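Chain and residue survey
The lines below spell out each chain.
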Amino acid sequence: MARKGIILAGGSGTRLYPVTTGVSKQLLPIYDKPMIYYPLSVLMLSGIREIAVITTPTDQDQFKRTLGDGSQWGLSLTYIEQPSPDGLAQAYLLARDFLNGAPSAMVLGDNIFFGHGLPSVLAVADAKTDGGTVFGYRVTDPERYGVVDFEQDGSVRAIVEKPEIAPSQYAVTGLYYLDGTAPDRAAAVAPSPRGELEITSLLESYLADGALTVERMGRGYAWLDTGTHESLLDAGNFVRTLTQRQGLQVGSPDEIAFELGWIGEAELSARADLFGKSGYGRYLASLLKG
């Protein structure tokens, strides 16, 4: 059964600015394109074409206007409402009917991943049809995240949510490859003291069954969690530097769809025209020239 994708674009961190702005954080620009393009591109690099976008009821129309039905990229997008932000594991309950027993890859809507070997790393995770795979990334502030607690032999002892004293420097990124049992496992998760269905509790279920793999992302990769104003600015500067230095795009669903053969030259040309004379539009037009 083909793996399906989930983008969790709701949650308590939906907005960095007051609700009165009316703009979801995941639709803010990261340099030259909406933030939501970056996690979408990660799923596309895994070859996933059926994707559910989970949003708050208030924000759903904004996402539909921005992403449409996905056909412009050869995708099929389904929209699911998250009535209240009750934890990351809640996404698997909301997406149960959409998944219909299929394995999934879920990415958080404010996460950016970059690395030359990223498609190969994702392919390894995608090939595992049983159990779950998550990615550990070394950070300086692990107390902000779910943190991997390693045994001395490098195996995983536990995953600890936002610990006061971190057992390691490796945070679990916002990208989860789980098998078809994820909704049932999520249904068995009890709310944490803060009233949320924690993703770490779901991952602990896999770990208890010996079915969880933690892949470490090394020096050649970048993971950006744009959960603060500072990290949002850092992400924009990071993408700008790469784009201007190398003349290559980061997180472009249009380019990925074209390279994978999901859209043709006519569709890419229409997308280039849509963005006009912007840097992003000019880049898409340049792809048509080889």
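This text follows the structure it describes.
Given the structure is predicted, the values throughout are model-derived calculations rather than measurements. (Residues numbered from 1 in each chain as written. Predicted model: local features only at pLDDT ≥ 70, side-chain atom pairs only at ≥ 80, totals over all residues. Heavy atoms only, no water.)

Considerations on the side chain of Ser41
Secondary-structure assignment places Ser41 in helix H1 (residues 37-45). For Ser41, a relative accessible area of 4% gives the class buried. Excluding residues within four positions of it along the chain, Ser41 makes contact with Gly251, Ser252, Pro253 and Ile256. (Helix = DSSP H or I, 4+ residues; strand = E, 2+ residues; numbered from the N terminus. Buried < 20%, exposed > 50% of the residue type's maximum accessible area, 1.4 Å probe, protein only. Contact = heavy atoms within 4.5 Å.)

Structural notes on the packing of helix H10 (residues 265-275) against helix H11 (residues 279-287)
Packed helix pairs are characterised by how far apart their axes lie and by the angle those axes make with each other. For the pair H10 and H11, the least separation of the axes is 7 Å and the interaxial angle reads 155 degrees. Between H10 and H11, the angle falls in the class roughly antiparallel. In this structure, the crossing between H10 and H11 has a hand that is left-handed. Residues Leu268, Arg271, Ala272 and Phe275 of H10 pack against Tyr280, Gly281, Leu284, Ala285 and Leu287 of H11. For the contact of H10 with H11, the residue count by class is seven nonpolar, one polar and one charged. (Axes fitted to C-alpha atoms, helices over the stretch in contact; angles between N-to-C directions. Parallel < 35°, antiparallel > 145°, perpendicular 65-115°, else oblique. Left-handed = near helix turned anticlockwise from the far one by under 90°. Nonpolar A, V, L, I, M, F, W, Y, C, P; charged D, E, K, R; others polar.)

Structural notes on the packing of aromatic side chains
Per the counting criterion, the structure on display carries seven aromatic pairs. Ring centres 5.9 Å apart and planes at 75 degrees place the aromatic pair Tyr137 and Trp223 in the edge-to-face group. Of the two residues, Tyr137 is situated in strand S8 (residues 132-138) and Trp223 in strand S13 (residues 221-225); the sequence distance between them amounts to 86 residues. A residue is classified by how much of its surface remains accessible, and Tyr137, at 15% relative accessible area, is buried. The exposure class of Trp223 is buried, given its relative accessible area of 7%. Residues Phe150 and Tyr170 carry aromatic rings whose centres are separated by 5.8 Å and whose planes lie at 90 degrees to one another, so their mutual orientation is edge-to-face. Highlighted residues: Phe150 in strand S9 (residues 146-150) and Tyr170 in strand S11 (residues 170-178), separated in sequence by 20 residues. Each member of the pair Phe150 and Tyr170 is classed as buried. An aromatic cluster is defined as three or more aromatic residues linked by ring pairs; in this entry it consists of Tyr137, Tyr145 and Trp223. (Phe/Tyr/Trp six-rings, centres within 6.5 Å; stacked < 30°, edge-to-face > 60°.)

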